[in-house]
Amino acid sequence: MRARSSKANWARRCAAALSLAIIVFSGAPSALAAGEERSGKNVAILFSGDAAGELAPCGCNPPDGGLSRRATAIAQERAKGPVLLIEAGGALAAPNALKDGTQAQQARDKAEVTLQAMAQMRYDAMAVGERDLPLGVEALQGYAERGGFVLLGANLVDAEGKRPFQGHSLHEVGGVRVGLFAVAGGAGFARAGLSVRPPLAAAKVEIAALKKRGAKLIIGLLAMPYQEALPIAHLFTGVDYLLQSGDMRRAAPQLLGTHLMAPVGERGISLGKLTLALGAKGSGGTYFNLNAGREALVELSQLELLVDSQREALNLLLQREGSPEVLAQRKDEARMLETLQKRRAALERQSKARPKPGAATVLVEELHLGDRLSSDPEVKKLIEARGLSATQSSTP
């Protein structure tokens, strides 16, 4: 019984400590760490998603996020060089915001302010998710046209079988042609009179079209819950990166086949930054993941605590009388310690890995929207003019 209890305790310790290492947005600074030099052309892509209609900093401590801080962060990034600015979906309403009359009206007010702010922030494109239609299709189209950004939804059709949104768009960023496509999922589109067609088939058509138009990088936006995205994400070919929205997840980028997929955040408390370096010969669809080394360092710091704890537990057992039960426990604890040490060695190798000269690289970062950022005055005016809440409706 004690041996089984020891295994359970060890598993719990592992789960608790290592769970800290799976968060993709660790607040890492934008500057590259030593040894992360890049060659070739770099493309910077800023992305938001799953803000769920939240306009202001969260009601947490400290209060993070908010549209006006996001605008300031975007302006700071633009001052460094060309960027592509994307809304990956889930921007305009919370999951249940449209079910209650009073709440639904507030959701529509927030959606209007968000879309006006997106125009001021000069967004380039927006993937339409199931929570992005509180104003209806035509109103959303009007805001996008006036705001100068493209609406994407390759597998969405109206009652006549026509697509109300573009399947893809092509943008030039720092001399590189970047293609975007978006596919969506979820039952919420029916409220707006839209149907959802198979996303994988639609995506393949758009990827082929982007290649034909000369896209050097292709980014896919999956505006659907993770459980819908996962079965199809690894089937995409010819894609450089995938961004997934729809369920307000925070997690590490996940390798699916030859490309990575990352969630886009939760309730607007941060802004994502994706930097792709083509390398000396272009990407060729294969990138060195600069996040892997950073994630390894985070996990290593936690693993050291587990190794010390496991070594101490084994030493205590070695001091006890060698009954059959104690011998069995020693064997189990020694095996656990060996497993942890092997994992530590693997993480140390991963943390020291560096891209080869001229290699294509990818890095995902969080731009923290904390109180060190000032509020953009114009966006702040938009929110205050509508008399909307100064804090979020709920804690993320």
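In this report, we go over the structure that sits alongside the text. (Residues numbered from 1 in each chain as written. Predicted model: local features only at pLDDT ≥ 70, side-chain atom pairs only at ≥ 80, totals over all residues. Heavy atoms only, no water.)

## What about the overall build of the chain?
Here's step 1: The secondary structure content of the chain amounts to nine helices and 15 strands.
Here's step 2: When the 396 residues of the chain are sorted by exposure, 52% land in the buried category.
Here's step 3: If you take every contact in the chain between residues at least 6 apart in sequence, the share linking residues at least 24 apart comes to 75%.
Here's step 4: Roughly 17800 Å² of accessible area belongs to the chain as shown, and the carbon and sulfur atoms make up 53% of that amount. (Helix = DSSP H or I, 4+ residues; strand = E, 2+ residues; numbered from the N terminus. Buried < 20%, exposed > 50% of the residue type's maximum accessible area, 1.4 Å probe, protein only. Contact = heavy atoms within 4.5 Å. Areas by Shrake-Rupley, 256 points an atom, 1.4 Å probe, with all protein chains shown as cover.)

## Digging into the pattern of salt bridges
Here's step 1: Inspection of the entire model under this criterion finds 13 salt bridges.
Here's step 2: Close ionic contact of Lys-80 with Glu-77 constitutes a salt bridge, the shortest N to O distance being 2.8 Å. A residue pair is termed a helical-turn pair when its members lie 3 or 4 positions apart in one helix, as Lys-80 and Glu-77 do in helix α2 (residues 67-80) at three residues.
Here's step 3: In this structure Lys-80 comes out as exposed when scored by relative accessible area, which is 57%. (Salt bridge = Lys/Arg side-chain N within 4 Å of Asp/Glu carboxyl O.)

## Description of the environment of Met-118
Here's step 1: Within the secondary structure, Met-118 sits in helix α3 (residues 101-121).
Here's step 2: The exposure class of Met-118 is buried, given its relative accessible area of 0%.
Here's step 3: Each C-alpha atom, one on Met-118 and one on Glu-87, is 8.9 Å from the other, the two residues being 31 residues apart in sequence.

## Observations regarding the packing of aromatic side chains
Here's step 1: Taken as a whole and assessed by the stated rule, the structure comprises one aromatic pair.
Here's step 2: When the ring of Phe-181 is compared with that of Phe-236, the centres are 5.9 Å apart and the planes differ by 50°; the resulting orientation is tilted. Of this pair, Phe-181 sits in strand β7 (residues 176-184) while Phe-236 is found in the loop between α6 (226-233) and β10 (241-245), placing the two residues 55 residues apart along the sequence. Here the two residues Phe-181 and Phe-236 agree in accessibility, since each one is buried.
Here's step 3: For Arg-146, the ring lying beneath its charged end belongs to Tyr-143, and the centroid distance is 4.8 Å. (Phe/Tyr/Trp six-rings, centres within 6.5 Å; stacked < 30°, edge-to-face > 60°. Lys NZ or Arg CZ within 6 Å of the ring centre and 35° of its normal.)

## Description of helix α9 (residues 377-385)
Here's step 1: Listing the buried residues of α9 in full gives Val-379, Leu-382 and Ile-383. Projected down its long axis, α9 carries its buried residues within an arc of 95°, all on one side. Seen from the buried face of α9, the exposed residues on the opposite side, beyond 90 degrees, are Pro-377, Lys-381, Glu-384 and Ala-385.
Here's step 2: Where α9 begins, one side-chain oxygen reaches toward the backbone nitrogen of Glu-378, 3.2 Å away; that side chain belongs to Asp-376. (Arc of directions from axis to C-beta. Polar contact = N/O pair within 3.5 Å; in protein donor to acceptor, adjacent residues only side chain to side chain.)

## Here we look at the sheet that holds strand β15 (residues 361-368)
Here's step 1: Taking strand neighbours across the sheet as the criterion, the seven strands line up as β4-β3-β2-β1-β13-β15-β14 in an open arrangement whose pairing is mixed. On the outer flanks of this sheet lie β4 (150-152) and β14 (288-289), each paired with one strand and no other.
Here's step 2: Lying over the sheet, α2 contacts β1 (42-48), β2 (83-87), β13 (270-277) and β15, oriented at roughly 155° with respect to β2. (Pairing = 2+ DSSP bridges. Axes fitted to C-alpha atoms, helices over the stretch in contact; angles between N-to-C directions.)

## Focus: the sheet that holds β7
Here's step 1: An order of β6-β7-β9-β10-β12-β11 is seen for the six strands of this open sheet, with the pairing classed as mixed. Two strands bound the open sheet, and with one partner strand each, they are β6 (168-173) and β11 (254-256). The average angle at which neighbouring strand axes cross in this sheet is 25°, direction not considered.
Here's step 2: In terms of strand pairing, β6 meets β7 through six bridges, oriented antiparallel. Paired with Val-173 across the bridge in β7 is Val-176.
Here's step 3: Relative to β7, helix α5 (residues 199-212) is tilted by about 165°, and along the sheet it contacts β6, β7 and β9 (217-223).

## Overview of unusual backbone geometry
Leaving glycine aside, a negative phi is the common case for residues, and trans is the common case for peptide bonds.
Here's step 1: The backbone of Asp-50 sits at a positive phi, close to 55°, despite the residue not being glycine.
Here's step 2: With respect to the element layout, Asp-50 can be found in the loop between β1 and α2.

## Let's talk about helix α7 (residues 290-318)
Here's step 1: Spanning 29 residues, α7 covers 42 Å between terminal C-alpha atoms, matching the ideal 42 Å at 1.5 Å per step.
Here's step 2: Helix geometry: α7 is bent most strongly at Ser-301, by close to 25°. (Expected span 1.5 Å × (residues − 1). Bend = angle between axes of the 7 residues up to and from the residue.)

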